[in-house]
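Remarks on the overall topology
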Amino acid sequence: MNISARNLNFKQLNEQIKAATGDVFIDDCFGQRFIGNGFKGKTITIYGTPGNALGAYLDGANIIVQGNAQDAVGDTMNDGRIVIHGNAGDALGYAMRGGSIFVRGNAGYRTGIHMKQYKYKKPVIVVGGKVGSFLGEYLAGGLIVVLGMGIEVVPVGNFPGTGMHGGRIFIRTSKELTGLPAQVIEEIASDEDMSEILPFLSEFADLFGMNAEKLAKDQYYVLKPNTKNPYKQLYTAN
Amino acid sequence: MKEGQIRIPSGCAISGLIDKSGKRMSGEAVLRSISVMHDRSNGLGGGFAAYGIYPEYKDFYALHIFYDNSASKKSCEEFLEQHFDIINLSKIPTRKIKVITEEPLIWRYFVTPLPTKLGGSQLDEREFVAKCVFRVNTRIDGAYIFSSGKNMGVFKAVGYPEDIGRFYRLEEYEGYCFTAHGRYPTNTPGWWGGAHPFALLDYSVVHNGEISSYDANRRTIEMYGYKCTLQTDTEVITYIVDYLHRKKGLTFSETAAVIAAPFWQTIERMTPEKRETHEYLRNVFSAQLFTGPFSILVGFEGGLMALNDRLKLRSMVVGEKGDLVYIASEEAAIRIIEPNLSRVWSPMGGEPVIVRLNGDEV
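To keep things clear, this report deals only with the structure shown in the data block. (Residues numbered from 1 in each chain as written. Chains lettered and ligands numbered in written order. Predicted model: local features only at pLDDT ≥ 70, side-chain atom pairs only at ≥ 80, totals over all residues.)

Comments concerning the packing of helix 7 (residues 233-247) of chain B against helix 8 (residues 252-259) of chain B
All names here are of chain B. Between helix 7 and helix 8, the shortest axis-to-axis distance is 9 Å and the interhelical angle comes to 130°. Looking at the two axes, helix 7 sits oblique to helix 8. In this structure, helix 7 crosses over helix 8, and the sense of that crossing is right-handed. When helix 7 is examined against helix 8, the residues Ile-240, Val-241, Leu-244 and His-245 are found in contact with a partner set consisting of Phe-252, Thr-255, Val-258 and Ile-259. (Axes fitted to C-alpha atoms, helices over the stretch in contact; angles between N-to-C directions. Helix = DSSP H or I, 4+ residues; strand = E, 2+ residues; numbered from the N terminus. Parallel < 35°, antiparallel > 145°, perpendicular 65-115°, else oblique. Left-handed = near helix turned anticlockwise from the far one by under 90°. Contact = placed C-beta atoms within 7 Å.)

Re the sheet that holds strand 7 (residues 143-147) of chain B
Residue and element names in this part refer to chain B. Strand order in the open sheet made by the four strands is 5-6-4-7, with antiparallel pairing throughout. The sheet terminates laterally at strand 5 (84-91) and strand 7, the two strands that pair on one side only. Within the sheet, the average angular offset between the axes of one strand and its neighbour, ignoring direction, is 30°. Pairing of strand 5 with strand 6 (residues 105-113) involves seven bridges; the strand directions are antiparallel. Counted as the bridge partner of Asp-85 is Thr-112 from strand 6. (Pairing = 2+ DSSP bridges.)

Focus on the nonpolar core
Counting 182 residues, the largest nonpolar core has Val146(A) and Ile240(B) as the members making the most contacts within it. The biggest single contributor to this core is helix 7 of chain B, with seven residues. Excluding its chain neighbours within four sequence positions, the residues that come into contact with Val146(A) are Val127(A), Lys130(A), Val131(A), Leu135(A), Pro155(A), Val156(A), Ile171(A) and Arg172(A). (Core = buried A, V, L, I, M, F, W, Y, C linked by C-beta atoms within 7 Å. Buried ≥ 20, exposed ≤ 12 C-beta atoms within 10 Å, placed from the backbone.)

Some thoughts on helix 7 of chain B
Residue and element names in this part refer to chain B. Counted at 1.5 Å a residue, the expected span for helix 7 with its 15 residues is 21 Å, and the 20 Å between its end C-alpha atoms agrees. The buried fraction of helix 7 amounts to 12 of the 15 residues, a majority that puts the element mostly inside the structure. All buried positions along helix 7 are accounted for by Asp-233, Thr-234, Glu-235, Val-236, Ile-237, Thr-238, Tyr-239, Ile-240, Val-241, Asp-242, Tyr-243 and Leu-244. Immediately downstream of helix 7, the backbone of Gly-249 shows phi near 75°, a positive value. (Expected span 1.5 Å × (residues − 1).)

Looking at the sheet that holds strand 14 (residues 303-308) of chain B
Residue and element names in this part refer to chain B. Across the sheet, five strands lie side by side as 11-12-13-14-18; this open sheet has antiparallel pairing. The two strands at the open ends of the sheet, each matched to only one other strand, are strand 11 (198-200) and strand 18 (353-356). Here the strands of the sheet are splayed against their neighbours by 15° on average, with no regard to which way each runs. Note: strand 14 against strand 18, four bridges, orientation antiparallel. The residue bridging Leu-304 from the neighbouring strand is Val-355, located in strand 18.

So, the pairing of strand 15 (residues 317-321) of chain B
All names here are of chain B. Bridging between strand 15 and strand 16 (residues 324-328) involves five bridges; their strand directions are antiparallel. Pairing of Gly-319 across the sheet is with Tyr-326, part of strand 16. Linking two consecutive strands that pair antiparallel, namely strand 15 and strand 16, is a turn of two residues; a positive phi of about 60° is found at Gly-322 within it. By the bridge criterion, three bridges tie strand 15 to strand 17 (residues 343-345) in an arrangement that is antiparallel.

Spelled out as structure tokens, the structure:
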């Protein structure tokens, strides 16, 4: 079903999406918030610029954005997939606990902070370009991959992985990664490390028409939590 | 109830656009842009700053004044007549809008300081005007000068920005630069004077966020003769920008490096030359650092600066198309007026975007 979002406020738009049967195509989207929040079995394709909190609490639905998205995409998402053909704003995938987000372009500050995993629930974010500071801050689980395509410098801002205690962050770069916080161990990714991300590189490449094998050949850093009690005396003597 | 009498323990929307060629456009575009972000504000304040709108009076200070009643108008006009040559005065044209209520008297004066008064004060002209603005705002009960620059003006009220724009007939003004604000006041109840933009001389500020260093910054700026009367952080931002840029002669990029200074650990990793500059600015102007979330647009004669706090705790997007530069809290607010941008990006925290009219020196 096609919906023109022009002159609809977010409530009206979401009611129409909810009422629609089958796949939904939204046109003329200008900043309507909360699209697809908590949705299970639908595919929503958006033309234009969806507003903040796109796909928050998503629970199995598919969302495709043919353009850029704004802040807080996939906030606390549980399941499903969000595909963004442009850029994403700040706090992408905040506190995600399942499902996957693929961004062709860049993402903003605080990408994937507070993500967590449990048993078979493992959230995944793949960003094609660069991300801002505080990537994966307080990461407790899940997987973040930053591909740095077309980026000449290290494709992450300051303080990636600060406070991380679970999960993995992969960064594709030929540059040296320096200045990381004490809670992080950074290593050049081994073949074994890479096996964790290969399926998602393939998915990313399929989505955006790229070559996964070529992408996988380059140098990746992997950031893991430092298990040697890095939090000792971070706040108080213990 | 007015601003400054009560403090309620913020969200907002900002938008701005500038034509670098100096070509003037109507206020319609910024009005459409800010209205897309309706849900970011709550109807308790909004406003616009417009630059290049008074070319026929460009050599005169344009004072926009709110009066509670005709007695306050009379007292204020007496003061103005003692200090200024008033070239023209009129009510600011408005149209009746159902949802815009409790309007004060809203007047506009084009003035120039009386040469004898100015000479006797031994102040430069802009300082003289700024001092007069503070004098009115603190001493004349019921009078509030909310705009005091040349060839620019602030238009603000309580309500949603799209209604306020129609109230002030913004579409009838033509300028090369506009900024806009939709307010969601968090610390104060929302009064006409407390709406954004805040302005002093040609500097105007619209702000989304909440400065947690507000009181430290306020005490600092009051030591230099500024009077903060409204308990709002944006008032303090405006005065600190005026202090750093006009009084201390810092450039806008230096001003940004003071108010959104990088962390010491970031400075440590800079090249020696850059490190020296940042260490100097942080040491000398430590009390002018703002902590807490903000995204601001600073309008000034001939340009516009956009800046995020160093942690980038508020969103801000910049778009370009030809000579036009657009900045807004949300990309959708830019796309609605220009769907085909040649470039769109989000500046990093603490990284100013400074746009000037073509040919203007930095």
